[in-house]
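# What the coordinates show
These are the residues of each chain, in order.
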Amino acid sequence: MLFVREIKKIVKSIPYLIFVAAIIIGLYSQGVFRFDKDPLQEPQPGGVNGSYGYRYDEIPQMVMPSALRNLLSEFSNNNYTTYPIGFMKHVKLGEGEQEGMAEILSEITGSSKETILREVVGIDSAGSDNYTFQIGGDNMQQGEDGNFTIGSDAKQHNEPEKLTFAVRDDLEYSRFRELMKQADDLLGGGSKYAPDSLSQYGTVPLTYEEAKERYKLALNSDQITGGYARLFSDYAGAMVLSVLPVFLAVILCMKDQRAKMEALIYTKKMSGVKLTLIRYAALVIAAMLPVVILSYLSNMVVWGSYSGMRLDYLAPLKYDLGWLMPSVMISTAIGMFLTELTDTPIAVAVQGLWWMFDINLGIKTVHSGYSLFRLAPRHNVGAKAWFKTQDYLDYFQNLMQNRFLMAGISLLLVIFTILIYEAKRKGKFGGNESIKRVFSNFRNRKNQSQA
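Just so we're clear, the structure is a prediction, and the values are computed from it rather than from any experiment.

Analysis parameters
- Residues numbered from 1 in each chain as written.
- Predicted model: local features only at pLDDT ≥ 70, side-chain atom pairs only at ≥ 80, totals over all residues.
- Heavy atoms only, no water.
- Helix = DSSP H or I, 4+ residues; strand = E, 2+ residues; numbered from the N terminus.
- Buried < 20%, exposed > 50% of the residue type's maximum accessible area, 1.4 Å probe, protein only.
- Areas by Shrake-Rupley, 256 points an atom, 1.4 Å probe, with all protein chains shown as cover.
- Phe/Tyr/Trp six-rings, centres within 6.5 Å; stacked < 30°, edge-to-face > 60°.
- Lys NZ or Arg CZ within 6 Å of the ring centre and 35° of its normal.
- Polar contact = N/O pair within 3.5 Å; in protein donor to acceptor, adjacent residues only side chain to side chain.
- Expected span 1.5 Å × (residues − 1).
- Bend = angle between axes of the 7 residues up to and from the residue.
- Core = buried A, V, L, I, M, F, W, Y, C linked by side-chain atoms within 4.5 Å.
- Salt bridge = Lys/Arg side-chain N within 4 Å of Asp/Glu carboxyl O.
- pLDDT = per-residue confidence, 0-100.
- Contact = heavy atoms within 4.5 Å.
- Axes fitted to C-alpha atoms, helices over the stretch in contact; angles between N-to-C directions.
- Parallel < 35°, antiparallel > 145°, perpendicular 65-115°, else oblique.
- Left-handed = near helix turned anticlockwise from the far one by under 90°.
- Nonpolar A, V, L, I, M, F, W, Y, C, P; charged D, E, K, R; others polar.
- Patch = residues over 30% accessible without salt bridge, like charges linked within 9 Å, V, L, I, M, F, W, Y side chains within 5 Å.

### Notes on the overall build of the protein chain
In terms of helices and strands, the protein chain carries 16 helices and eight strands. Out of the 451 residues belonging to the protein chain, those deemed buried represent 45%. For the protein chain, the exposed surface amounts to about 22,700 Å²; the carbon and sulfur share of it is 58%.

### Describing the packing of aromatic side chains
What the rule picks out here adds up to 11 aromatic pairs. Their ring planes at 45° and their centres at 6.2 Å tell us that F337 and F416 sit as a pair that is tilted. One end of the pair, F337, is in helix 12 (residues 315-342); the other, F416, is in helix 15 (residues 396-425), and 79 residues separate them in sequence. With relative accessibility at 16%, the residue F337 sits in the buried group. Here the aromatic cluster, defined as three or more aromatic residues joined through ring pairs, consists of Y319, W323, Y392 and F396. R34 extends its terminal NZ or CZ atom over the ring of Y28, reaching a point 5.1 Å from the ring centre. Stacked on the ring of Y392, the Lys or Arg R230 has its end atom at 4.4 Å from the ring centre.

### Things to note about the side chain of T342
Inspection of the secondary structure puts T342 in helix 12. Polar side-chain contacts of T342 include one of 2.7 Å to the side chain of T344.

### What about helix 11 (residues 272-300)?
Its 29 residues place the ends of helix 11 42 Å apart at the C-alpha level, agreeing with the 42 Å of an ideal helix rising 1.5 Å per residue. Where helix 11 bends most, the angle comes to about 25°, and this point is M288, followed within four residues by the proline P290.

### Topic: the nonpolar core
If you look at the biggest cluster of nonpolar residues, it comprises 66 residues, and the most contacted ones within it are F19, I23, L27, F232 and L241. If you list the elements that add at least two residues to this core, you get helix 1 (2-11), helix 2 (14-29), helix 7 (208-220), helix 8 (225-241), helix 9 (245-258), helix 11, helix 12 and helix 15. If one sorts the elements of this core by residue count, helix 12 sits on top with 13 residues. By size, the runner-up hydrophobic cluster in this structure holds 29 residues, among which are V91, I116, L198 and Y201.

### Comments concerning unusual backbone geometry
A positive phi angle is found at Q223, which is not glycine, with a value near 50°. Relative to the elements of secondary structure, Q223 occurs in the loop between helix 7 and helix 8. In this structure Q223 comes out as buried when scored by relative accessible area, which is 18%. The phi angle at I224 is positive, at roughly 65°, despite the residue not being glycine. On the secondary structure map, I224 appears in the loop between helix 7 and helix 8. I224 sits in the buried class, given a relative accessible area of 1%.

### Looking at the environment of I420
By secondary structure assignment, the location of I420 is in helix 15. Sequence separation of I420 and L341 is 79 residues, and the distance between their C-alpha atoms is 6.7 Å.

### Some remarks on the pattern of salt bridges
The tally for this structure, following the rule as stated, stands at 15 salt bridges. A salt bridge links D312 to K318; the shortest N-O distance between them is 3.0 Å. In this structure, R374 engages D358 in a salt bridge whose closest nitrogen and oxygen atoms are separated by 3.1 Å. Separated by 16 residues along the polypeptide, R374 in the loop between helix 13 (346-361) and helix 14 (389-394) and D358 in helix 13 bring together distant segments of the chain. D358 matches R374 in its accessibility class, with the two residues each being buried. One continuous salt-bridge network, built from bridges that share partners, spans E6, K9 and R279.

### A word on the confidence of the model for the protein chain
Confidence along the protein chain averages 81 in pLDDT terms, with 77% of residues attaining 70 or more. When pLDDT is averaged over each element of the protein chain, helix 12 comes out on top at 96 and strand 6 (residues 148-150) at the bottom at 38. Note on residues 123-142: pLDDT is under 50 here. Beyond four places in sequence and across chains, it has 56 contacts. Contacts for the low-pLDDT stretch residues 144-162, under 50 throughout, to residues beyond four places or in other chains number 51 contacts.

### Re helix 4 (residues 95-109)
For helix 4, with 15 residues, the first-to-last C-alpha span of 21 Å sits near the 21 Å given by 1.5 Å per residue. Of all the positions in helix 4, only Q98, M101, A102, I104, L105, S106, I108 and T109 are classed as buried. In this fold, the buried residues of helix 4 make contact with helix 3 (60-77), strand 2 (80-82), helix 5 (113-119), strand 7 (164-165) and helix 6 (173-186). Note on helix 4: the residue one or two positions beyond its end, G110, has a positive phi of about 90°.

### Overview of the packing of helix 12 against helix 15
For the pair helix 12 and helix 15, interaxial distance at closest approach is 8 Å and the crossing angle is 25°. Relative to helix 15, helix 12 is oriented roughly parallel. The handedness of the crossing between helix 12 and helix 15 is left-handed. For the contact of helix 12 with helix 15, the per-class residue count stands at 19 nonpolar, four polar and three charged.

### Describing a nonpolar patch on the surface
A contiguous nonpolar patch, built from L412, I415, F416 and L419 and spanning about 370 Å² of accessible area, is present on the exposed surface. Relative to the helices and strands, L412 resides in helix 15.

### Digging into the environment of D358
Accessibility expressed as a relative area gives 7% for D358, which makes it buried. Along the backbone, D358 and L375 are 17 residues apart, and their C-alpha atoms lie at a distance of 6.3 Å. Filtering out sequence-adjacent residues up to four positions away, D358 remains in contact with F373, R374, L375 and A376. Polar contacts involving the side chain of D358 include one to the side chain of R374, which spans 3.1 Å.

Take a look at the structure:
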């Protein structure tokens, strides 16, 4: 049977063994086999040191002073941290741009642009005692992480006080958001002042009732194991399964080319549809086999910690098929399509670039990154993030749309691969030579137009 032979050919190959080893090493480095070290516990009245954790919330009275403080600090050093494509970038503004930032700060604080430029710019980053920030707001205090949380009535300030900056009392939050967007645009985007990032400046402690509700959701909706399966899927999709399967597809196709298998395959009566689908299915299944095994090994380590509770033993398999397999499908399909189209391993570069940009562009949505074109959906940030079940439920429809879209694009690419295969079989498509001819004609037309 051809399907069985294809599976055997893949799993017995050295590239496949390297593929499996890379998955194991990548996931082990993320601690997916040590989930039992931090089990979920039922919240108790009083909590641990009176705390039940925190949640991010875009509360204007918290966000505005905290964002102002951060912007003034970066403005004083002309050193702004941004993530334009996910990678950290330190931005230094020119004189005119700094004046533009000063105008933004002027509207926020009510101080003149000249005062801000004179009193703030050039302050040594280590000399925070040269100026202070009026935090304001009742029941507000600053935590060690620099964010503001609701707490006692005490106001924080640095000594000695020489200059105080505060958000104007009459500044509407909608206008503040607009000003923050202007600051983000001035920095080239990707900063923590972007409207969708402002909530990070407001951390609110969970109440006992909220913590209890989260715990109940983990028990009733996730049945415990679902949360761990979700975290495994987050790591597996982002770390390896969105990019490594393309190597298997490319290597298999290139190996057949080197062995001159096309001449033999093209003369057989087997349809291109059947051959391509069998090869594609074999690659996807071979890639998923170690994933299913590892997902259960990861999940099983916590079963003993929740003895007597109702667990969903099918949770790892559900997440493997629903969350991870579409990523494997798209990576494999791109590998087959571009290799068949160009007779080159260019698919590795294409998929690698997509994976890199997807992972880094989505760094700010790692907590619930289910946008439509995400290659690797994310759900992982903060303590017990995988048990933030409500976030998962709230955006479940987005996740499903994303996964169905990736699967649909994969099947479309497989259809295109079949068409190319059949064209080659009939001698109507020259593969890489055709691609070269297209680019050659394009360059000739360009040179003629310039002449």
